[in-house]
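Architecture and fold: a report
The residues making up each chain are set out below.
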Amino acid sequence: MQAELANKTLSYQKRYYAPASTGNFSVGFDLLGAAFEPLNGELFGDVLDIVAPSRTLELDIVGRYRHQLPADNSTNLVLQCFAAFEQKLGRVLPKLALRLHKNLPVGSGLGSSACSIVVACYAFNDYFGKPLSDTELLTLMAEAEGGVSGSVHYDNVAPSFLGGLQLMLPQSERICRSLPWFEHWRVVLSYPGTVLSTKAARAVLPKELSLAHSINFAGMLSRFVSALYAADEADAVAALQDLVAEPARTPLISELPTLRLALVEMGVLHLGISGAGPTLFALCANDAQAQLAATYLSRHYEKNQDATTQICRLSLAGARAL
Ligand SMILES: Nc1ncnc2c1ncn2[C@@H]1O[C@H](COP(=O)(O)OP(=O)(O)OP(=O)(O)O)[C@@H](O)[C@H]1O
Ligand SMILES: N[C@@H](CCO)C(=O)O
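Residues numbered from 1 in each chain as written. Chains lettered and ligands numbered in written order. Predicted model: local features only at pLDDT ≥ 70, side-chain atom pairs only at ≥ 80, totals over all residues. Heavy atoms only, no water.

Turning our eyes to something else, we now look at the packing of aromatic side chains. The tally for this structure, following the rule as stated, stands at 14 aromatic pairs. Centroid distance Tyr122 to Phe161: 6.2 Å. Interplanar angle 65°. Geometry classified as edge-to-face. Here Tyr122, found in helix H3 (residues 112-127), pairs with Phe161, found in helix H5 (residues 157-162); they are 39 residues apart in sequence, far enough to count as distant. Taken together, a centroid distance of 5.2 Å and an interplanar angle of 90° make the contact between Tyr127 and Phe128 edge-to-face. Phe128 gets classed as buried once you look at its relative accessible area, which sits at 18%. Three or more aromatic residues joined by ring pairs form one cluster here, namely Phe25, Phe36, Trp181, Phe182, Trp185, Phe224 and Phe281. (Phe/Tyr/Trp six-rings, centres within 6.5 Å; stacked < 30°, edge-to-face > 60°. Helix = DSSP H or I, 4+ residues; strand = E, 2+ residues; numbered from the N terminus. Buried < 20%, exposed > 50% of the residue type's maximum accessible area, 1.4 Å probe, protein only.)

Turning our attention to the pairing of strand E12 (residues 308-314). In terms of residue burial, E12 counts as a mostly covered element, since 6 of its 7 residues are buried. Pairing between strand E3 (residues 32-38) and E12: 3 bridges, direction antiparallel. Residue pairing across strands places Phe36 opposite Leu314, the latter belonging to E12. Across 5 bridges, strand E9 (residues 186-191) lies against E12 in antiparallel orientation. Paired with Leu189 across the two strands is Gln310, which belongs to E12. (Pairing = 2+ DSSP bridges.)

With that settled, the discussion passes to the pattern of salt bridges. Considering all chains together, one arrives at 12 salt bridges under this definition. Of the charged contacts, one joins Arg202 and Asp30 as a salt bridge, the two residues approaching to 2.7 Å between their closest N and O atoms. Here Arg202 is found in helix H6 (residues 198-203), whereas its partner Asp30 is found in the loop between strand E2 (20-23) and E3, with 172 residues between them in sequence. The same class applies to Arg202 as to Asp30, namely buried. (Salt bridge = Lys/Arg side-chain N within 4 Å of Asp/Glu carboxyl O.)

Another point: the site of ligand 1. Taken together, 18 residues lie around ligand 1, and Gly107, Gly109, Gly111, Ser113 and Thr198 are the ones closest in. Take Gly111: an N or O atom from its main chain is 2.9 Å from an oxygen atom of ligand 1. The contact in question runs from an oxygen atom of ligand 1 to an N or O atom on the backbone of Ser112, over 3.1 Å. Surface burial for ligand 1 is 85%, taken as the share of its 620 Å² of free accessible area covered by protein chains. According to the grid-proximity analysis, the pocket containing ligand 1 is the largest pocket. Grouping the amino acids of the shell around ligand 1 by side-chain chemistry returns 7 nonpolar, 10 polar and 1 charged. (Near = heavy atom within 4 Å. Polar contact = N/O pair within 3.5 Å; in protein donor to acceptor, adjacent residues only side chain to side chain. Areas by Shrake-Rupley, 256 points an atom, 1.4 Å probe, with all protein chains shown as cover. 1 Å grid on protein atoms, 1.4 Å probe; cavity = no way out; pocket = protein on both sides within 12 Å on 5 of 7 lines; lining within 4 Å. Sits in = over half its atoms within 2 Å of the grid points. Nonpolar A, V, L, I, M, F, W, Y, C, P; charged D, E, K, R; others polar.)

Now for the sheet that holds strand E13 (residues 320-321). With respect to topology, 5 strands assemble into an open sheet ordered E5-E6-E4-E1-E13, the strand pairing being mixed. Of all the strands in the sheet, just strand E5 (58-62) and E13 have a single pairing partner and so form its edges. Against the sheet, helix H2 (residues 77-89) touches strand E4 (47-53), E5 and strand E6 (96-101), its axis set at about 135° to E6. Sheet strands in contact with H3 are strand E1 (14-17), E4, E6 and E13, and its direction is about 140° off that of E1. (Contact = heavy atoms within 4.5 Å. Axes fitted to C-alpha atoms, helices over the stretch in contact; angles between N-to-C directions.)

Turning next to the confidence of the model for the protein. Considering every residue of the protein, the mean pLDDT works out to 94; 97% of them sit at 70 or more. Throughout residues 1-8 the model reports pLDDT below 50, and contacts reaching past four residues in sequence, or to other chains, amount to 0 contacts. Interface confidence for the predicted complex, given as ipTM, is 0.95, next to a pTM of 0.94. (pLDDT = per-residue confidence, 0-100.)

Looking now at the nonpolar core. In this structure, Phe25, Phe124 and Phe224 are the most contacted members of the largest nonpolar core, which totals 76 residues. Element by element, the count of residues in this core is highest for H3, at 10 residues. Taken domain by domain, the makeup of this core includes at least three residues from each of domain 1 (2-179) and domain 2 (186-314). Those residues in contact with Phe25 that lie beyond four places of it in its chain are Leu32, Phe36, Trp181, Val187, Phe224, Leu240, Phe281 and Leu283. In this structure, Ile253, Leu271, Cys284 and Ala293 belong to the second largest nonpolar core, which totals 20 residues. (Core = buried A, V, L, I, M, F, W, Y, C linked by side-chain atoms within 4.5 Å. Domains from an automatic or database assignment.)

Structure below.
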């Protein structure tokens, strides 16, 4: 009887998924982002069920991180996206009963708000017969994300929507372009269980960069991108230097220097801040190294029962129907 009830609760007409993402990859502040998925096949990203047509727009929220969202669902980004989608189309749409599986922690540096926005916009567009092009949809997603973080940046929504490692292309109609990646790279994402809001982590950033600093920033990103195209792994790893956000944000994540020293001594390629933090990402050369890094970070960085550490590969597929 209970199982029957549970099945009924979880019934749905269509189910959609968008993966976690890291905005920035140490290098390329606000210009580079990557989507990741666990090697073990877990859905580390938000899932949206379109349960059924409904007289009114309704949202139910379930999932591990449901408790981190406001109790009042009416303020949820999924509902805001429905309104924004209707407005973009310029017509009133039939209403739906929706269920969000909140699988990503909020204020984590894993692109949690972007993930809900991407899965919602992707789902509505697919369900209503794809009235928006990918570019229109991506613009809508970035505008919704800008409302949360205080500035429009595409580095979480673009990879979560399109998959892969995405370079943002300022003033280009393309918006972003997928970059090459080393297939053997593994990324360990370690979330300590504490919240750091994106707005707060952006408030500590420098307001201006000197000319020399700007040239170094542009140079390091160019070095990373050219190393990827040249398949020069050592040079790509050497270019993973955050010259903009990390110096300002390290006081908010004081464990970073010690953890980095320990992991690099173990042979890990790099440890950096995922998005605005507090999640850290460890770039590893293979599965065995990723396992070592994950064990170390679970032991030394996780702080409470909300914490999680995941061994991931690049998510090439991005958002999709399940
Ligand atoms: N479905 C949702 N998912 C995530 N956040 C939501 C959602 N609906 C509303 N919010 C609100 O949006 C804000 C998200 O804050 P913030 O941008 O700091 O988090 P984030 O996107 O998870 O951060 P990050 O990109 O670093 O993972 C919070 O105030 C949260 O309550
Ligand atoms: N690029 C953004 C990502 C936010 O998740 C930042 O670092 O503030």
